[in-house]
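Each chain, letter by letter, is given below.
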Amino acid sequence: MKRAIRLLGGGRSRPLPALALALALVAGGFAAWAGQDWYRAAHDEQAAYAAQRDAALSAGEQAVQNLNTLDHRELKRGLDLWESSTTGELHDQLASGREEFTAQMKEAKTVSTARVLSGAVTELDDRAGRARVLVALRVTVEAADGAKSDKDSRMLGELTRTDGRWKLSALGQAPVGGTSTG
């Protein structure tokens, strides 16, 4: 008596396991590529430089806004914010002139509010911890009688990194087109 030998599956190929293996290989290859790409981006010096540029810009815009915003009813808070936003000679000037400025503000009874319109880093020396920013802002001044006036200006600020934070070390008006700078 002859025994019939039956092949499992009748000699047909099994498409499902082959497809699963192919998909697993493609997914593994993609994961390896994405991981390598992520590692390169995370350890890229240009990315670190860009992060410092962005941090300097953000700090510069905020500091320029702080130094152009002041409410005569909350002078201590406003002037403390000015001092915490600055360093170096600018900080020393603000601190030494604080009493005189307080008397002037109490007499004038004005409220100034600044809003940053745009900003840019014009120079960045990450190793030395120095940067320059150009900030365009709109300052609204409300007088004691309630009259309001808006003024747009461009400010040039110098920043110094102190204890890991960017602070203003100098601030001045930017020259407007058509004016002589020298």
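Keep in mind that this is a model prediction, so the values were computed, not measured. (Residues numbered from 1 in each chain as written. Predicted model: local features only at pLDDT ≥ 70, side-chain atom pairs only at ≥ 80, totals over all residues. Heavy atoms only, no water.)

Peer 1: Is there a simple way to think about the pairing of strand β2 (residues 111-125) in this case?
Peer 2: Walk down a regular strand and you will see the side chains alternate between the two sheet faces. In terms of strand pairing, strand β1 (residues 70-71) meets β2 through 2 bridges, oriented antiparallel. Within β2, the position partnered with Leu70 by the bridge is Ser112. Taken together, the 13 bridges between β2 and strand β3 (residues 130-142) define a ladder with antiparallel strand orientation. Each bridged residue has a counterpart across the sheet, and for Arg115 the counterpart in β3 is Arg138. Where β2 folds back onto β3 in an antiparallel hairpin, the turn is made up of 4 residues, including Gly129, whose phi is positive at roughly 70 degrees. (Pairing = 2+ DSSP bridges. Helix = DSSP H or I, 4+ residues; strand = E, 2+ residues; numbered from the N terminus.)

Peer 1: Where do I start with the pairing of β3 in this structure?
Peer 2: Where β3 lies against strand β4 (residues 148-162), 13 bridges are found, and the strand directions are antiparallel. Bridge pairing links Ala131 to Leu159 in β4. Counted between consecutive antiparallel strands, the loop separating β3 from β4 contains 5 residues, among which Gly146 sits at a positive phi close to 95 degrees.

Peer 1: Explain the packing of helix α3 (residues 75-84) against helix α5 (residues 98-108) here, please?
Peer 2: Between two packed helices, what matters for the description is the angle formed by their axes and the separation of those axes. Taken N-terminus to C-terminus, the directions of α3 and α5 make an angle of 140 degrees; their axes are 11 Å apart at the nearest point. By the criterion of interaxial angle, the relationship of α3 to α5 is oblique. Pair α3 / α5 crosses with right-handed handedness. For the pair α3 and α5, the contacting residues are Leu75, Lys76, Leu79, Asp80, Trp82 and Glu83 in the first and Arg98, Phe101, Thr102, Met105 and Lys106 in the second. Of the residues assigned to the contact of α3 with α5, the class counts are 5 nonpolar, 1 polar and 5 charged. (Axes fitted to C-alpha atoms, helices over the stretch in contact; angles between N-to-C directions. Parallel < 35°, antiparallel > 145°, perpendicular 65-115°, else oblique. Left-handed = near helix turned anticlockwise from the far one by under 90°. Contact = heavy atoms within 4.5 Å. Nonpolar A, V, L, I, M, F, W, Y, C, P; charged D, E, K, R; others polar.)

Peer 1: Sorry if this is basic, but what is going on with the sheet that holds strand β5 (residues 165-173) here?
Peer 2: Strands pair in a sheet through their backbones, by hydrogen bonds, and they do so in one of two ways: parallel or antiparallel. A sheet is described by the order of its strands in space; here 5 strands give the open sequence β1-β2-β3-β4-β5, paired in antiparallel fashion. Bordering the open sheet on either side are β1 and β5, each of which pairs with just one other strand.

Peer 1: Would you take a moment to explain the packing of aromatic side chains for this structure?
Peer 2: Note on aromatic pairs: each is described by the distance of the centres and the angle between the planes. In this structure the tally under the stated criterion is 2 aromatic pairs. Ring centres 5.7 Å apart and planes at 40 degrees place the aromatic pair Phe30 and Trp33 in the tilted group. Within this pair, Phe30 and its partner Trp33 are both found in helix α1 (residues 15-42), separated by 3 residues, close to a single helical turn. Each of the two residues, Phe30 as well as Trp33, counts as exposed. Here the aromatic rings of Trp82 and Phe101 are separated by 5.3 Å at their centres, their planes lie at 40 degrees, and the arrangement is tilted. One end of the pair, Trp82, is in helix α3; the other, Phe101, is in helix α5, and 19 residues separate them in sequence. Residue Trp82 is classed as buried on the basis of its relative accessible area, which comes to 10%. Looking at Phe101, the relative accessible area reads 25%, which means it is partly exposed. (Phe/Tyr/Trp six-rings, centres within 6.5 Å; stacked < 30°, edge-to-face > 60°. Buried < 20%, exposed > 50% of the residue type's maximum accessible area, 1.4 Å probe, protein only.)

Peer 1: Honestly, the pattern of salt bridges in this entry has me stumped. Any pointers?
Peer 2: When the charged atoms of two side chains with opposite charge come close together, those side chains can pair. If you walk through the whole model with that rule in mind, you get 11 salt bridges. One salt bridge connects Arg77 with Glu74, and the closest N-O pair in it is separated by 3.3 Å. Across the pair Glu83 and Arg98 runs a salt bridge whose closest N-O atoms are separated by 3.0 Å. Of this pair, Glu83 sits in helix α3 while Arg98 is found in helix α5, placing the two residues 15 residues apart along the sequence. (Salt bridge = Lys/Arg side-chain N within 4 Å of Asp/Glu carboxyl O.)

Peer 1: Quick question: what am I supposed to make of the nonpolar core here?
Peer 2: Generally speaking, nonpolar side chains in soluble globular proteins are found buried as a group. Counting residues in each nonpolar core, the largest one holds 21 residues, and the members touching the most others are Val64, Leu70, Ala131, Leu137, Leu159, Trp166 and Leu168. A total of 5 residues in this core trace back to one element, the largest contributor, which is β3. Look past the residues within four positions of Val64 in its chain and what remains in contact with it is Val135, Leu137, Met155, Leu168 and Leu171. (Core = buried A, V, L, I, M, F, W, Y, C linked by side-chain atoms within 4.5 Å.)

Peer 1: Which parts of the structure should I look at to understand α5?
Peer 2: Side chains of residues three or four places apart in an α-helix project in the same direction, reflecting 3.6 residues per turn. Every buried residue belonging to α5 is among Arg98, Thr102 and Met105, and all of these are buried. Down the axis of α5, the sector holding all buried residues measures 70 degrees, keeping them to one side. Across from the buried face of α5, at angles greater than 90 degrees, the exposed residues are Glu99, Glu100 and Glu107. On its buried face, α5 is in contact with β1, α3 and α4 (88-96). With its phi angle positive at about 55 degrees, Lys109 sits one or two positions after the end of α5. (Arc of directions from axis to C-beta.)

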